[in-house]
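# Coordinates in review
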Protein chains: 2
Amino acid sequence: MTSTSLETILAACQVRAERDLADLYTLIRQPSISAQNIGVRECADLFVDVLREAGFDVRLMPTPAHPIVYAEWLGAPGKPTVLIYGHYDVQPPEPLDQWLSPPFEPTVRDGKLFARGAGDNKGQIFAQIAAARACLEVAGSLPINVKFLIEGEEETGSPHLPGFITAHRDLLVADLAYTSDGPVHDDAHPQVVYGVRGMLLVELRARGASHDLHSGNWGGLVPNPAWTLVHLLATMRDADGRVTIPGFYDDVFAPTPAFLAAMARIPLDQQAALKMVGRDRLPPPAGLGYFERLMTTPTLNIAGFTSGYGGPGPKTVIPSTAMVKIDMRLVPGQSTDDIFEKFRDHVARHAPDVEVLQQGGMEPSYTPVEHPLSRIVRRAVETGFGVPPVDVPLLGGSLPDAVFTQTLGLPSFLVPYANADERNHAPNENISLDRFFAGVRTAAALFAYLAESDQPRPGTTT
Amino acid sequence: MTSTSLETILAACQVRAERDLADLYTLIRQPSISAQNIGVRECADLFVDVLREAGFDVRLMPTPAHPIVYAEWLGAPGKPTVLIYGHYDVQPPEPLDQWLSPPFEPTVRDGKLFARGAGDNKGQIFAQIAAARACLEVAGSLPINVKFLIEGEEETGSPHLPGFITAHRDLLVADLAYTSDGPVHDDAHPQVVYGVRGMLLVELRARGASHDLHSGNWGGLVPNPAWTLVHLLATMRDADGRVTIPGFYDDVFAPTPAFLAAMARIPLDQQAALKMVGRDRLPPPAGLGYFERLMTTPTLNIAGFTSGYGGPGPKTVIPSTAMVKIDMRLVPGQSTDDIFEKFRDHVARHAPDVEVLQQGGMEPSYTPVEHPLSRIVRRAVETGFGVPPVDVPLLGGSLPDAVFTQTLGLPSFLVPYANADERNHAPNENISLDRFFAGVRTAAALFAYLAESDQPRPGTTT
């Protein structure tokens, strides 16, 4: 397939726009709320159908909860293989009274398609399917090998995805992973994202007396667990925000010049960004830039501190329990197991009676911005959206991207198609129709440009 | 009046027992719930009536809320004057379904009188009235001068008592203040209590961003107010419980040998006391005894720490607010104004953006156990209860006792008549009938013994 044929494909995509939307509507009209176990299996079946009709070999593969839709077209031996990730489950639609149109009835207003799942993620994963279908219909084949991995538990934290991927490494062999999910930061700049911070969730629990006590009658006679946690926390992080748990920073990656250069090129109106959250300056430590804080610096965040009385007015009580919820955002190089061990050891040294519970984790993930395939992904986005993308080396938030980079050893690219006001997880979720079609074009271009690339293709040699 | 006449009075009290109970029932049957403004004024009128019929000059004196019943009998010129404090308001009776008999229907079971207000405080203040009435009926006079100050807002924190006492110093001139309220620690030992710790209530409020933020997308970019308060609190108290606010201990009193000797004589089964609250040892610092912690050591207690998410499972949020409620128990020598100033200055030095709100306070109060009148009070209790009392130099809790010791400059004695399981503030509040009558006898004996004393009587010279 040549770039001439890409033009043909792109023209075909435009012709098929109405049918693509009609098929997307069908997928959206089927609720698939994983948290409430509503319609999930029915929606998986619809994805199986649309992929099978497009010409893919499709399997509905079980997990302990909702099945994974796996589809492959491997008719391009010697050509690269892309593993495209997405999810067919959606968030609950509540609160219902804030929707301007019914959440599961796709409705177009002002060039945007409103519905639960319109952007997160049915619209974005279907853009990739629509591109592949157009290729198969027009050219009778795809220029590369394509695998779809579409899960039904993303909105409940992808509990079975890591196990599935570990168990099916052979099936999932590829040259790169490619995901479209979430909104861009601003609509003027399409993005290519290369990684995410990891996340480690812990809870600290301290106990004092067997029940809350009168602070006069018992003050001085029993330990106060709120004080226990205050003193423990104070040993973990200094007032400048630097984490003081021994070894916490040991394995933090050294960003490459290309990483730093990309970071420096990200458009930013820092004052406007801070103003949006009611601040006028960055907190200590001084000298750390906006994106350095999000991309190269791990955090130790108190997400909740709960002890004693929190209502209006005074209540003079010695609390019997205190609980702190912490999340740590980890940067490449760090691992949840290692940091948890250091955290737990630190607690054991300073407050051995305090209970530490791990409540989940997600590894950091990073694909070098200078990876040879990056150029191809960027070029595809430019073709799809008409403007060159911004490189975002790392997201401050966390996604299970390490299943691709660490478990499968693939470069992984995240290209959000949705508009900045996608309102994912909220009422009036939507995706701009222009951006949906730009996504279809981007995927078609990606297939074409990957076919032209002469990158090594370990995934196609087995 | 001689000790012979005391015997007569005590015999008369016994004869009048049935009538005393009937009158107490009348007072109890009138609900007087100050927090709910139910029946308070009606109950004040009943107290006015019973005191007037007994022979007192009575005035119902207004405050901005519920009136104070003031009564005096000053027919013993040259003799001492006792100012007896009590309150006619009661706690709300809720939860109603836990009462074994209706809360405002006095009911005797197993030698105890059950009703809201039976012990707190109608039964105890009426014991003093009954003793005075018996004297007046049998002897035609009281052996000393007696003033009653019975307020209707004790259960809502006595908001107008300090102002009232300051405004009426001249009216309230006396030689001693005398209060019966609350239960004894154990029924085998009647108590004479000489003071209370004070209390200073503050709230700390810290703000970060204008709203809670995603800890990934914003982690590192905005301050976390929970961390702000953790670091601030860690500067206030070390891990051994010693308060590190400069000057906090400057004015702590030096207990006299008599104080320390009394403290050492208080019966204590420390292991049993700690076991009751699920502990097996005292917290740091080592070397500080059980009663030292309650009586000679001020505290800085976290009564509540509330920030971010406190529900089950993780939620990865940067809280926008954090709030800490603190109560400090102050010992004699310390004052709420001085300690608040030091506290506020400390916050201003370490965390100037943190808001400090004072939410009330109560001065510490102490009458020396070696005060000349102590001997008389102890002797009256021994006469009333049949066993010598235990001296409790100071309560760990707080009462507005300083209005007597500091504002009026009086020695003040607290002699709880109620049994240990009084259940004040709780369903099935009660007072043991034996102890009610022991209270009547104690008051009668107090009048008699004070008359025999040759203490200076500044109160009777104006």
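Just so you know, these numbers come straight off a predicted model, no measurement behind them.

### Some remarks on the overall build of chain A
On a plain count of helices and strands, chain A comes out with 13 helices and 19 strands. The C-alpha extent of chain A, read off along each of the three principal axes, is 85 × 50 × 45 Å. By residue count, 55% of the 462 residues in chain A fall in the buried class. The contacts of chain A with a sequence gap of at least 6 include a subset with a gap of at least 24, amounting to 80%.

### Description of the interface of chain A and chain B
In this assembly, 61 residues from chain A lie in contact with 61 residues from chain B. Per-element accounting of the side of chain A that touches chain B gives the leading share, 9 residues, to strand 12 (residues 299-308) of chain A. Looking at the side of chain A that touches chain B, its residues break down into 28 nonpolar, 25 polar and 8 charged. The pairing of strand 12 of chain A with strand 12 (residues 299-308) of chain B spans 5 bridges and is classified as antiparallel. Of the residues in strand 12 of chain B, the one forming a bridge with A:Thr306 is B:Thr306.

### Considerations on the domain arrangement of chain A
Residue and element names in this part refer to chain A. Here the domain parsing of chain A yields domain 1 (3-196 + 365-460) and domain 2 (198-252 + 298-362). One C-alpha centre belongs to domain 1, the other to domain 2; they are set 39 Å apart. The interface is formed by 5 residues belonging to domain 1 together with 5 residues belonging to domain 2. Here the residues of the side of domain 1 that touches domain 2 sort into 2 nonpolar, 3 polar and no charged.

### A short note on the sheet that holds strand 10 (residues 198-207) of chain B
The strand order 15(A)-10(A)-14(A)-12(A)-12(B)-14(B)-10(B)-15(B) describes an open sheet built from 8 strands, whose pairing is antiparallel. Each edge of the sheet is formed by a strand with only one pairing partner; in this case those strands are strand 15 (355-362) of chain A together with strand 15 (355-362) of chain B. Within the sheet, the average angular offset between the axes of one strand and its neighbour, ignoring direction, is 20°. Taken strand by strand, helix 6 (residues 225-234) of chain B contacts strand 12 of chain A together with strand 10, strand 12 and strand 14 (321-330) of chain B, and its axis lies near 25° from that of strand 14 of chain B. The sheet strands contacting helix 10 (residues 336-350) of chain B are strand 10, strand 14 and strand 15 of chain B, and the helix crosses strand 10 of chain B at an angle near 20°.

### Remarks on the pairing of strand 7 (residues 176-179) of chain B
All names here are of chain B. Residue alternation in strand 7 divides its side chains into two sets, Leu176 and Tyr178 and Ala177 and Thr179, and both sets are buried. The pairing of strand 3 (residues 81-87) with strand 7 spans 4 bridges and is classified as parallel. Counted as the bridge partner of Tyr85 is Thr179 from strand 7.

Reading the values: rules and limits
- Residues numbered from 1 in each chain as written.
- Chains lettered and ligands numbered in written order.
- Predicted model: local features only at pLDDT ≥ 70, side-chain atom pairs only at ≥ 80, totals over all residues.
- Helix = DSSP H or I, 4+ residues; strand = E, 2+ residues; numbered from the N terminus.
- Buried ≥ 20, exposed ≤ 12 C-beta atoms within 10 Å, placed from the backbone.
- Contact = placed C-beta atoms within 7 Å.
- Nonpolar A, V, L, I, M, F, W, Y, C, P; charged D, E, K, R; others polar.
- Pairing = 2+ DSSP bridges.
- Domains from an automatic or database assignment.
- Axes fitted to C-alpha atoms, helices over the stretch in contact; angles between N-to-C directions.

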